[in-house]
Amino acid sequence: MNTLLGRRARILAATTATAGMLLVAGCTSSGSAGKTAAGGVELAKAGQLTTCTHLPYPPFQSEIDGKVQGFDVSLIDLVAKDLGAKQQILDTPFENFKTGAFLNSGQCDVAAAGMTITAERKKHVDFSDPYFDATQAVLADKKSGITSLADVKAKGKKLGAQAQTTGEDYVKKEGFDPISFESSDAVINGLRTGQVQAVVIDYPVVQGWLKDKANADAFKVVDNLNTGEQYGFTVKKGNSKLLAAINKAIKDAKADGTYKKLYEQWIGPYNPSVASPSAS
């Protein structure tokens with residue numbers, strides 16, 4: 001992992017918000033005198049773009065050496081820079097992203113959490129253009145004998161998934177009764193400790209796990225599920241100016257090569273098809 005984000009100053013600060021802790025992801029900024037940023041975008045707090053997320057979810061967002069970093073963080077940093085603001089990250093429960101609660105209450109301007117665009121979620125929030133195509137992966141213990149998702153059921157093994165995610169929804173529709181874990185860290189720990197023998201979660205997350213030799217020695221991808229998922233960032237319904245700024249930043253990053261660099265930094269070998277996902 002290179003130090004593109006590491007070179008940018010970040011601080012960790014306490015907050016009284018009920019969601020938990022506020023983490024600041026810095027980016028170059030000229031500041032803002034009021035809550036109205038460049039392009040007439042109204043921000044929750046002057047000079048800062050407040051981002052709701054749910055930690056940890058590497059490689060999209062996680063705390064590394066006291067700094068919140070990841071693919072989503074890097075992309076929203078670009079939006080903040082365009083607005084002349086600094087990004088601040090608020091760690092919130094994942095359920096928040098389905099309801100848009102913190103966006104509606106004005107505690108956050110944008111939500112970025114490796115979040116799949118769905119019709120149900122669109123009822124509560126407005127999504128940006130898709131910025132990432134995602135598939136689900138089935139990761140299994142090499143000693144389990146599991147060779148596919150169907151094999152989990154055939155062999156009577158236990159399956160895990162992250163709660164409130166599309167991966168969990170998918171396997172439930174396929175007739176599984178997965179053990180739910182609160183976070184991606186809890187998912188991999190469930191596999192390590194034998195609570196489950198296989199897990200289903202977004203493939204980029206699995207890619208990150210398998211960079212660790214201990215994980216690669218113990219587990220293997222036994223299935224890839226192309227569920228047609230695409231990730232998007234969200235804003236409060238009707239916040240068209242901020243949505244336009246996010247879409248512009250995504251488009252510009254793809255055009256000038258920044259997206260490719262960030263993809264290779266955080267996710268892995270670049271897949272050109274990911275750079276131009278079709279609109280949902």
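Residues numbered from 1 in each chain as written. Predicted model: local features only at pLDDT ≥ 70, side-chain atom pairs only at ≥ 80, totals over all residues. Heavy atoms only, no water.

**A look at the state of the cysteines**
Then step 1. All told, the structure shown has 1 disulfide when counted by the stated rule.
Then step 2. Shown here is the disulfide that connects Cys52 with Cys108, its sulfur atoms set 2.1 Å apart. Between Cys52 and Cys108, the S-S torsion sits near 70°, and that sign places the bridge as right-handed. Of this pair, Cys52 sits in strand S3 (residues 48-53) while Cys108 sits in the loop between helix H3 (101-104) and strand S7 (110-111), and the two are 56 residues apart along the sequence.
Then step 3. Accessibility expressed as a relative area gives 1% for Cys52, which makes it buried. (Disulfide = S-S within 2.5 Å. Helix = DSSP H or I, 4+ residues; strand = E, 2+ residues; numbered from the N terminus. Buried < 20%, exposed > 50% of the residue type's maximum accessible area, 1.4 Å probe, protein only.)

**A word on the sheet that holds strand S9 (residues 132-141)**
Then step 1. Strand order in the open sheet formed by 5 strands is S11-S10-S12-S9-S13, and the pairing between neighbours is mixed. On the outer flanks of this sheet lie strand S11 (179-181) and strand S13 (219-231), each paired with one strand and no other. Along the sheet, successive strands turn relative to each other by an average axial angle of 25°, direction set aside.
Then step 2. As paired strands, strand S10 (residues 159-162) and strand S12 (residues 198-202) are joined by 3 bridges and run parallel to one another. Pairing of Gly160 across the sheet is with Val199, part of S12. (Pairing = 2+ DSSP bridges. Axes fitted to C-alpha atoms, helices over the stretch in contact; angles between N-to-C directions.)

**A word on the side chain of Ser74**
Then step 1. Along the chain, Ser74 falls in helix H1 (residues 71-83).
Then step 2. Relative accessible area serves as the criterion here: at 2%, Ser74 is assigned to the buried category.
Then step 3. A distance of 3.1 Å separates a polar atom in the side chain of Ser74 from a polar atom in the side chain of Trp266. (Polar contact = N/O pair within 3.5 Å; in protein donor to acceptor, adjacent residues only side chain to side chain.)

**Considerations on the pattern of salt bridges**
When their charged atoms lie close together, side chains carrying opposite charge are able to pair.
Then step 1. Under the counting rule described, the total for this entry stands at 7 salt bridges.
Then step 2. The closest approach of N and O atoms between Glu120 and Lys123, which form a salt bridge, is 3.0 Å.
Then step 3. According to the relative accessible area criterion, Glu120 is partly exposed, its value standing at 46%.
Then step 4. Between Asp151 and Lys155 there is a salt bridge, and its shortest N-O distance comes to 2.7 Å.
Then step 5. The class of Asp151 is buried, set by a relative accessible area of 10%. (Salt bridge = Lys/Arg side-chain N within 4 Å of Asp/Glu carboxyl O.)

**Here we look at the packing of H1 against helix H10 (residues 240-256)**
Then step 1. Their axes nearest at 9 Å, the elements H1 and H10 cross at an angle of 115°. Handedness of the crossing formed by H1 with H10: right-handed. Facing H1, whose interface residues are Leu78, Val79, Asp82 and Leu83, H10 presents Leu242, Ala245, Ile246, Ala249 and Ala253.
Then step 2. Of the residues in the contact of H1 with H10, the class split is 8 nonpolar, no polar and 1 charged. (Left-handed = near helix turned anticlockwise from the far one by under 90°. Contact = heavy atoms within 4.5 Å. Nonpolar A, V, L, I, M, F, W, Y, C, P; charged D, E, K, R; others polar.)

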